[in-house]
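# Analysis of the macromolecular model
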Amino acid sequence: MMPIYIKNESSNELLAEIAKDLWDLPTQIKELEIWLLSNPLNLTPSNYIVDIGFSIRDNACGGGAILSPKAMAIMGNLGVKLYLSEYGD
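A brief report on the enclosed structure follows. Predicted model only: the values in this text are computed from it and were never measured.

### Remarks on the packing of helix α1 (residues 25-38) against helix α2 (residues 69-78)
- Here α1 crosses α2 at 60°, and the two axes come no closer than 10 Å. On the basis of the axis angle, α1 is oblique to α2. Crossing of α1 against α2: the hand is left-handed. Between α1 and α2, the contacting residues are Glu33, Leu36 and Leu37 on the first element and Lys70, Ala71, Ile74 and Met75 on the second.

Next comes the structure, spelled out in structure tokens:
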């Protein structure tokens, strides 16, 4: 059930959980981007962690997740560190 966790880095306060039970990285990145574009005004610039737990896709051979420059800019402006936590089957 590893979702994407969004936390305050200093207090470890959980701010949001998104993409519950979705383990493929392309879907998770899409869900994160939707959340970022919908919620950036709910957070003030600080130090945040976005932790994405994912599993490698069967038969993956390239391609995959894309995070837009707009979403990356929001993360940079808010002080977000992105953790990519790979899990096995």
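Following the structure, the description resumes.
### Notes on the pairing of strand β3 (residues 48-54)
- Most of β3 sits inside the fold, with six of its seven residues counted as buried.
- Across five bridges, strand β1 (residues 4-8) lies against β3 in antiparallel orientation. Residue Ile4 lies in a different strand from β3, and its bridge partner there is Ile52.
- When β3 meets strand β4 (residues 80-86), the two strands line up parallel, connected through seven bridges. Its bridge partner being in β4, Ile52 is matched across the sheet by Leu84.
- With α2 bridging β3 and its parallel neighbour β4, the resulting β-α-β unit is right-handed.

### Points about the sheet that holds β4
- Spatially, β2-β1-β3-β4 is the arrangement adopted by the four strands of the open sheet, whose pairing is mixed. Each edge of the open sheet carries a strand with a single partner, namely β2 (14-18) and β4. Averaged over all pairs of adjacent strands, the angle between their axes in this sheet comes to 15°, without regard to strand direction.

### So, α2
- Among the residues of α2, those classed as buried are Ala71, Ile74, Met75 and Leu78. Take α2 and look down its axis: the buried residues cluster within an arc of 95°, on one side only. Exposed and facing more than 90 degrees away from the buried side of α2 are Pro69, Gly76 and Asn77.
- Taken together, the buried residues of α2 touch α1, β3 and β4.
- With its phi angle positive at about 80°, Gly79 sits one or two positions after the end of α2.

Cut-offs and rules
- Residues numbered from 1 in each chain as written.
- Predicted model: local features only at pLDDT ≥ 70, side-chain atom pairs only at ≥ 80, totals over all residues.
- Heavy atoms only, no water.
- Axes fitted to C-alpha atoms, helices over the stretch in contact; angles between N-to-C directions.
- Helix = DSSP H or I, 4+ residues; strand = E, 2+ residues; numbered from the N terminus.
- Parallel < 35°, antiparallel > 145°, perpendicular 65-115°, else oblique.
- Left-handed = near helix turned anticlockwise from the far one by under 90°.
- Contact = heavy atoms within 4.5 Å.
- Buried < 20%, exposed > 50% of the residue type's maximum accessible area, 1.4 Å probe, protein only.
- Pairing = 2+ DSSP bridges.
- Right-handed = clockwise from strand over helix to strand, strands pointing away.
- Arc of directions from axis to C-beta.

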